[in-house]
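Per-entry structural report
Residues per chain are reported as follows:
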Amino acid sequence: MERTRVTVRCADCPFEAGYDRLPPARAALGEHESATGHEVAWEIESLAEGVSRAGADAGVCGRPECANEDSPLVNPEPADR
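Residues numbered from 1 in each chain as written. Predicted model: local features only at pLDDT ≥ 70, side-chain atom pairs only at ≥ 80, totals over all residues. Heavy atoms only, no water.

The secondary structure content of the chain amounts to 2 helices and 3 strands. Secondary structure of the chain in N-to-C order comes out as β-β-α-β-α. For the chain, the exposed area adds up to about 6,100 Å²; of that, 50% sits on carbon and sulfur atoms. (Helix = DSSP H or I, 4+ residues; strand = E, 2+ residues; numbered from the N terminus. Areas by Shrake-Rupley, 256 points an atom, 1.4 Å probe, with all protein chains shown as cover.)

A word on the side chain of histidine 32. Looking at where histidine 32 falls in the secondary structure, it is placed in helix H1 (residues 22-36). Setting aside chain neighbours within four positions, we find histidine 32 in contact with Cys10, Cys13, Phe15, Gly37, His38 and Val40. (Contact = heavy atoms within 4.5 Å.)

Nonpolar side chains collect at one region of the surface, where Leu22, Trp42 and Ile44 lie side by side and expose about 230 Å² of accessible area between them. Look at isoleucine 44 and you get partly exposed, because its relative accessible area is 40%. (Patch = residues over 30% accessible without salt bridge, like charges linked within 9 Å, V, L, I, M, F, W, Y side chains within 5 Å. Salt bridge = Lys/Arg side-chain N within 4 Å of Asp/Glu carboxyl O. Buried < 20%, exposed > 50% of the residue type's maximum accessible area, 1.4 Å probe, protein only.)

What follows concerns the pattern of salt bridges. Per the stated rule, a full pass over the model turns up 3 salt bridges. Salt-bridge contacts for aspartate 20 lead to arginine 5; the nearest nitrogen and oxygen are separated by 3.7 Å. A residue pair is termed long-range when its members are at least 10 positions apart, and aspartate 20 in the loop between strand E2 (16-19) and H1 and arginine 5 in strand E1 (residues 5-10) qualify at 15 residues. For arginine 9, the salt bridge is made with glutamate 43, and the minimal N-O distance between the two is 3.2 Å. You can see arginine 9 sitting in strand E1 and its partner glutamate 43 sitting in strand E3 (residues 40-46), a full 34 residues away along the chain. Taken together, the shared-partner salt bridges connect Arg9, Glu16 and Glu43 into one network.

Our focus in this paragraph is the sheet that holds E1. Across the sheet, 3 strands lie side by side as E2-E1-E3; this open sheet has antiparallel pairing. Edge strands, defined here as strands with exactly one partner in the open sheet, are E2 and E3. Here the strands of the sheet are splayed against their neighbours by 20° on average, with no regard to which way each runs. Two elements, E1 and E3, share 6 bridges in a ladder whose sense is antiparallel. Paired with arginine 5 across the strands is serine 46, a residue of E3. The sheet strands contacting H1 are E1, E2 and E3, and the helix crosses E3 at an angle near 165°. (Pairing = 2+ DSSP bridges. Axes fitted to C-alpha atoms, helices over the stretch in contact; angles between N-to-C directions.)

Rendered as structure tokens:
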């Protein structure tokens, strides 16, 4: 099973770090930017299979035709109350 792998790199200094989860990578990016004022970027090298599938099912590209209508992750129309 493939795991999430994220690299955070600073364009303005030698700071670089790798993470196995998105939340700590996002936190490191924000902390470094706040502390230094530097421009920091992250590269998502790989995602766990379930994360990739969830994104694909939900149609993360923003086009309705990309969503998997059979997936429980697709946001259905609200039920009538």
